[in-house]
Amino acid sequence: MSNTTDILKDLNDRSRDVFRAVVESYLENGDPVGSRTLTRSLNEKVSAATVRNVMQDLEYLGLLNSPHTSAGRVPTQMGLRMFVDGLLEVGDLNVQDRQKIDETMGGNTSGVGSMLDRVGAALSGVTQGASLVLTPKHEAEIRHIEFVTLGHDRALVVLVFSDGHVENRLFKPPPGQTPSSMREAANFLNALIEGRTLSDVRGVIQEEIKARQQQIDGLAREMIESGLAAWEDEGTDAARLIVRGRANLLAEAGAAEELDRIRNLFDDLERKRDIEEFLQLTEDGEGVRIFIGSENKLFSLSGSSLVVSPYMNADRKIIGAVGVIGPTRLNYGRIVPIVDYTAQLVGKLLSDRS
């Protein structure tokens, strides 16, 4: 794929104006744009034939495409990327949009989870897209660990943190566990966790298990390793992703094939595939990032776009992200400041709580 910045520089003023007009019209109504329609919207008085020739040149460059047998053109993914990178005009946050977000997040008394759930609802409501909110990992020091038997094939690992936060995680224990092996496993872990966060303690535990294999009962060792797996499995990070506004995307879909692609996207999100990649999208730098179609594999099959921004704690460390999923013809100029403002507001609210 050619460098879109170089292509944009090489376009003359007329080609750039025609290209901008096609994309802006497409983003507004989603329909292919014909040469006769464009002649009425361009500032420069040119014939439909001239505009048609320019559109053919833009199609040759890979920026426009003719869907089916339509005489009109729509931007390609490459064309949308060039528009977003070089021609997109991002305005200030709309006053009404700001008020809706502020109102939804008013009342700073409930827990972080409830607040972030309201953030997701606000984003999907204001943008009429689907929202994603990646919540922070709990990084307080662990005070106590306990294993609780719920049945022969079910157990609970209870984590008590120094700030009073408690997490219960269900897992399947190894066969043959006894109350004494579970107590030994818990005692072993509690001797190691003092002053450590959940992230810190994982590597320490693995090293201690290797170093003290002869001292630890086999059943207790299996229990410890199963507990570690319960902390590190998909469910741990999966619980961090809040998805709201699915119906908005489904309502935008037209053909049955498009509906299936969007349903598959939500199935992947429900199974929380590639969540770490979602966070990685934001860790490469501050500010809002835009991913169009296949530029991110999580959204490639659905043909959707993602506008995402990280939010930070008081120490300026990235701890989560907020984003909006929509069709590739999103109103990027409006969505970008909404996502940016929301991310900054979430970071401030979380910093004020700490």
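Attention here is on the structure that accompanies the text. The structure presented is a predicted model; accordingly, all values stated were derived computationally and were not measured. (Residues numbered from 1 in each chain as written. Predicted model: local features only at pLDDT ≥ 70, side-chain atom pairs only at ≥ 80, totals over all residues. Heavy atoms only, no water.)

Brief notes about the overall build of the chain
A count of helices and strands for the chain gives 16 helices and ten strands. When contacts within the chain are restricted to residue pairs at least 6 apart in sequence, those whose partners lie at least 24 apart make up 62%. When the accessible area of the chain is evaluated, it comes to approximately 17,900 Å², of which 45% is carbon and sulfur surface. (Helix = DSSP H or I, 4+ residues; strand = E, 2+ residues; numbered from the N terminus. Contact = heavy atoms within 4.5 Å. Areas by Shrake-Rupley, 256 points an atom, 1.4 Å probe, with all protein chains shown as cover.)

Some words on unusual backbone geometry
Located in the positive-phi region is Gln128, a residue other than glycine, with phi close to 60°. In this structure, Gln128 sits in the loop between helix 7 (112-127) and strand 3 (130-134).

Quick look at helix 16 (residues 332-353)
Taking 1.5 Å of rise per residue, 22 residues should cover 32 Å, and helix 16 covers 32 Å from first to last C-alpha, within 8% of that figure. Most of helix 16 sits out of view: 16 of its 22 residues are buried. (Expected span 1.5 Å × (residues − 1). Buried < 20%, exposed > 50% of the residue type's maximum accessible area, 1.4 Å probe, protein only.)

Topic: the side chain of Thr76
Its place among the elements puts Thr76 in the loop between strand 2 (74-75) and helix 5 (77-86). A polar contact of 2.6 Å, which involves the side chain of Thr76, links it to the backbone oxygen of Gly62. Excluding residues within four positions of it along the chain, Thr76 makes contact with Gly62, Leu63, Leu64 and Asn65. (Polar contact = N/O pair within 3.5 Å; in protein donor to acceptor, adjacent residues only side chain to side chain.)

Remarks on the sheet that holds strand 8 (residues 289-292)
With respect to topology, five strands assemble into an open sheet ordered 7-3-10-9-8, the strand pairing being antiparallel. Looking at which strands have only one partner, the edges of the open sheet turn out to be strand 7 (241-244) and strand 8. For this sheet, the mean inter-axis angle between neighbouring strands, taken without regard to orientation, is 15°. Note: strand 3 against strand 7, four bridges, orientation antiparallel. Paired with Ser131 across the two strands is Arg244, which belongs to strand 7. In the packing of helix 7 onto the sheet, the strands contacted are strand 3, strand 7, strand 9 (304-312) and strand 10 (318-327), and the crossing angle to strand 7 comes to about 35°. Sheet strands in contact with helix 16 are strand 8, strand 9 and strand 10, and its direction is about 30° off that of strand 9. (Pairing = 2+ DSSP bridges. Axes fitted to C-alpha atoms, helices over the stretch in contact; angles between N-to-C directions.)

Some remarks on the packing of aromatic side chains
Applying the stated rule across the entire model yields zero aromatic pairs. The ring of Tyr341 has Arg98 sitting right over it, with the charged end atom 4.7 Å from the ring centre. (Phe/Tyr/Trp six-rings, centres within 6.5 Å; stacked < 30°, edge-to-face > 60°. Lys NZ or Arg CZ within 6 Å of the ring centre and 35° of its normal.)

Points about the pattern of salt bridges
The final tally for this structure, using the stated rule, is seven salt bridges. Close ionic contact of Asp85 with Arg81 constitutes a salt bridge, the shortest N to O distance being 2.9 Å. One end of the pair is Asp85 and the other is Arg81, both in helix 5 and four residues apart, which spans about a single turn. For Asp85, a relative accessible area of 49% translates into the label partly exposed. Judged by its relative accessible area of 14%, Arg81 falls in the buried class. (Salt bridge = Lys/Arg side-chain N within 4 Å of Asp/Glu carboxyl O.)

Thoughts on the nonpolar core
In this structure, Val18, Phe19, Val322 and Tyr332 are the most contacted members of the largest nonpolar core, which totals 57 residues. At eleven residues, the largest contribution of residues to this core is made by helix 16. Here Val18 is in contact with Leu38, Leu42, Val51, Val54, Met55 and Leu58, once residues within four sequence places are set aside. (Core = buried A, V, L, I, M, F, W, Y, C linked by side-chain atoms within 4.5 Å.)

A short note on the packing of helix 6 (residues 95-104) against helix 16
Between helix 6 and helix 16, the least distance of the axes is 11 Å, while the angle of their chain directions is 30°. Relative to helix 16, helix 6 is oriented so that their crossing is right-handed. Contact with helix 6, carried on its side by Asp97, Arg98, Ile101 and Asp102, involves Arg334, Ile338, Tyr341, Thr342 and Leu345 of helix 16 and no other residues of that element. Tallied by class, residues from the contact of helix 6 with helix 16 come to four nonpolar, one polar and four charged. (Left-handed = near helix turned anticlockwise from the far one by under 90°. Nonpolar A, V, L, I, M, F, W, Y, C, P; charged D, E, K, R; others polar.)

Focus: the sheet that holds strand 5 (residues 154-161)
Within the open sheet, the three strands sit side by side as 4-5-6. Their pairing is antiparallel. Where the open sheet ends on each side, the last strands, each with one partner, are strand 4 (142-151) and strand 6 (166-171). The average undirected angle you get between the axes of adjacent strands in this sheet is 20°. Where strand 4 and strand 5 come together, eight bridges link them in antiparallel fashion. Residue pairing for strand 5: Ile145 is matched across the bridge by Leu159. Docked against the sheet, helix 8 (residues 179-193) engages strand 4 and strand 5, running at close to 165° with respect to strand 4.

Structural notes on the environment of Val166
By the secondary structure assignment, Val166 is in strand 6. Classification of Val166 as partly exposed rests on a relative accessible area of 44%. In the structure, Val166 is positioned 24 residues away from Ile142 in sequence and 9.5 Å away in space, judged by C-alpha atoms. Every residue in contact with Val166, bar those within four places of it in the chain, is listed here: Val158, Leu159 and Val160.

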